[in-house]
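For reference, the chains in residue letters:
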Amino acid sequence: MSYHTKLFILLLGFSWLMVVCFVAFQYEREKQFKIDKLDSQLQLYNVHLLDAISADTPIDRVLNDSRKPMDDIRVTITDLSGHVVFDNSLDTLPSENHLSRTEISNAIKYGHDYTLRRHSQSTDNTYFYSATRGGDIIIRSAVPYSLPLQAVLKTDNTFLWFMLFVTLGISIIGYFATRRLGRTITRLNDFAEKAEKGEKIYDDGYFPSDELGSISSHIVRLYARLQQATTDLKHEHKVAIHEEQEKIRIKKQLTNNINHELKTPVSSMLACLETLLDHPELPEEKRTKFIRMCHDNCERLGRLMADVSSITRMDDGSRLIEKEKLRLDLLIAGVVTDEKPHAETHGFNINNNVKDNLTVCGNAPFLESIFRNLIDNAITYSQGDNIKIKLTASDSDKYFFSVSDNGIGVPDEHIPHLFERFYRIDKGRSRKAGGTGLGLSIVKNSVQLHGGTISVNNRRDGGLEFHFSISRK
C-alpha cells in the first residue's frame, strides 16, 4: 500500500474509533438521563403516596384519585423488615421477604433506589422498580417493562445519524488531506530512490504549497543544484584535462615542426660553410653568394625563433602578458608606416581607413603582430597590388575590423587550415619567400588574447578578406 493509503486508513480508523467511543458514551449518558428522569417521576409519585398515607387517607382511594405518571403502575408497600403489607396487583400478598430486592434494601439505607429491569415471580412480568422510604414503610412503584416503556427509555437516533454524517465528512476531508500529504511523501521517496541510484534530478516537480511542500521543494532544488554543480565541475575537469592534453599535443607538434623547419636553413648554411672551407680558391663572387645564403638563412632562423617565442608565450603565459590603455588607431597607423617601404618595393598600396579615436586595453607588440602579419602575408602571397584596412563596426564591447587584398586568393579547401601552425599551401614557394608558417597562427592567438575571434574568406572580386574583432577592455 502507498503511504497515502496507510495514512488514510490510520486516520480513518482513529477517527471512527473516537466517534464510536463518543457515541457510545453519549448513548449511555442519554439512556441514563432517561432512566433518571423516569425514576424521578416515580419517586415523586411515591412521595405523593407517602404524604397521602401520612394523612390517614386510605391507600385504595389515593391510588384511584392520584394522577399516575404512567398506566398500569404497580404499587407495593413493605415494612422495614421486608414484609409486603400492600400490593395493588395481587389478590394474595406474597409471604417472601423483600429485603433481598436491591431497590428495597437500598431505600431502607439511603432513602430511595431503583432497579432497571427485573422479573417478578408474583406476577410473572418484568418491571422497572423505584422505591422510596417514608418513616417505617417502603413504597415501591413499578412500571411494566413493555413497548411503551422501551419507547420512553430509547435514545434519540437523530444524534446517531448526525454523528454518522460528521464522521463521513471527517473521512472525506481526511482523504484529501492525506492524499495531499501522501503525494509529498511519495515524491520525496521517489527523489530519495533516484538520488541513491545517482539518477538525474530535476527541480521542476510540483509540491503542495504548505510547510512540508516548501521544505521538500527546497531539498529537491538544492540537491538538483548540487548535482548540476557536480556535473559542471566534472565537465570543467574533463575540459581542463582535454585542454592540457591538447596543449601537450600542440607542444609536441610544435617541437616536431620546429625541428623540421630548422633542418632546411641549418642544412643550407652547413652546405655553404663546408663549400667555403673546402674550396678557398672560389672566386669572390661565389664566396659572396654563399655568405649571403648563410645570412638569409640566419635571418630566417631568427624570424622562426621570434615567432616560436611569441606562440609559446601566448600558449603558456597569456594571463601574465601585460596590457595597458593605448590608441589602436595610432598603433595601426604606425604599422602601416613601417610596412609602407616593404609594400612599395613589391608594388603594393596600403589603404588605412581606420581614422577614429579607438581606445583599447591591450598589449602593443601582439596587437601590432596582428596587422603586421596580415599585411606581410598579403604582400608575400597574394600577388595583388592593394591592401585595405577598415573598421567595419563597433559596439560597447568590441571593435570589428577587416583586412583584405585584391590578389588571387586561395583554393576553398585550404581556407579551414590557414590558421594552423606551419600550414603552407605551397611549401616550396613559402620557404623561398622566407615565411615561417606561423604568421597567421600568431594572428589568431593574438586576436583571441584580446577577447576576439577571426575568420577568413575569398572575396568575390578576388583576394582574401580577414574579419576579426578586438575587445575594448
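Draft legend 1. Focus on helix 8 (residues 328–345). Across its 18 residues, helix 8 extends 26 Å between first and last C-alpha, which sits within 8% of the 26 Å expected from 1.5 Å per residue. Its axis deflected by about 45° at E339, helix 8 carries its strongest bend there, up to four residues before the proline P341. Where helix 8 ends, the next residue or the one after it, G347, has phi of about 75°, a positive value.

Draft legend 2. Focus on the nonpolar core. By size, the foremost hydrophobic cluster in this structure holds 37 residues, and its most contacted members are L328, I370, F371, I389, F401, F468 and I470. Those elements that provide at least two residues to this core are helix 8, helix 9 (364–381), strand 9 (386–394), strand 10 (398–405), helix 11 (439–449), strand 11 (454–458) and strand 12 (464–471). Examining the composition of this core, we find that 7 residues originate from one element, helix 9, more than from any other. Leaving out residues up to four positions away in the same chain, I370 has contacts with V443, S446, V447, F468 and I470.

Draft legend 3. Local environment of the sheet that holds strand 7 (residues 349–352). One open sheet holds the 5 strands; their spatial order is 7-9-10-12-11, and the pairing between them is mixed. The open sheet has two edge strands, strand 7 and strand 11, and neither has a second partner. For this sheet the average axis-to-axis angle between neighbouring strands, irrespective of direction, equals 15°. In the packing of helix 9 onto the sheet, contacts are made with strand 7, strand 9, strand 10 and strand 12, and the angle to strand 12 comes to roughly 180°.

Draft legend 4. Up close: unusual backbone geometry. The residue D124 is not glycine, and still its phi comes out positive at about 60°. Positive phi, close to 65°, is recorded for Q383, a residue that is not glycine. Residue placement: Q383 occurs in the loop between helix 9 and strand 9. Residue Q383 is classed as exposed on the basis of its relative accessible area of 54%.

Draft legend 5. Seen up close, the environment of D79. Tracing the backbone through its elements, the reader meets D79 in strand 1 (residues 74–79). Assessed through its relative accessible area of 23%, D79 is described here as partly exposed. Sequence spacing of D79 and I138 is 59 residues, and the spatial spacing of their C-alpha atoms is 6.1 Å. Once you skip the residues sitting within four places of it in the chain, D79 turns out to touch V85 and D136. A polar side-chain atom of D79 sits 2.8 Å from the main-chain amide nitrogen of H83.

About the thresholds
- Residues numbered from 1 in each chain as written.
- Predicted model: local features only at pLDDT ≥ 70, side-chain atom pairs only at ≥ 80, totals over all residues.
- Heavy atoms only, no water.
- Helix = DSSP H or I, 4+ residues; strand = E, 2+ residues; numbered from the N terminus.
- Expected span 1.5 Å × (residues − 1).
- Bend = angle between axes of the 7 residues up to and from the residue.
- Core = buried A, V, L, I, M, F, W, Y, C linked by side-chain atoms within 4.5 Å.
- Buried < 20%, exposed > 50% of the residue type's maximum accessible area, 1.4 Å probe, protein only.
- Contact = heavy atoms within 4.5 Å.
- Pairing = 2+ DSSP bridges.
- Axes fitted to C-alpha atoms, helices over the stretch in contact; angles between N-to-C directions.
- Polar contact = N/O pair within 3.5 Å; in protein donor to acceptor, adjacent residues only side chain to side chain.

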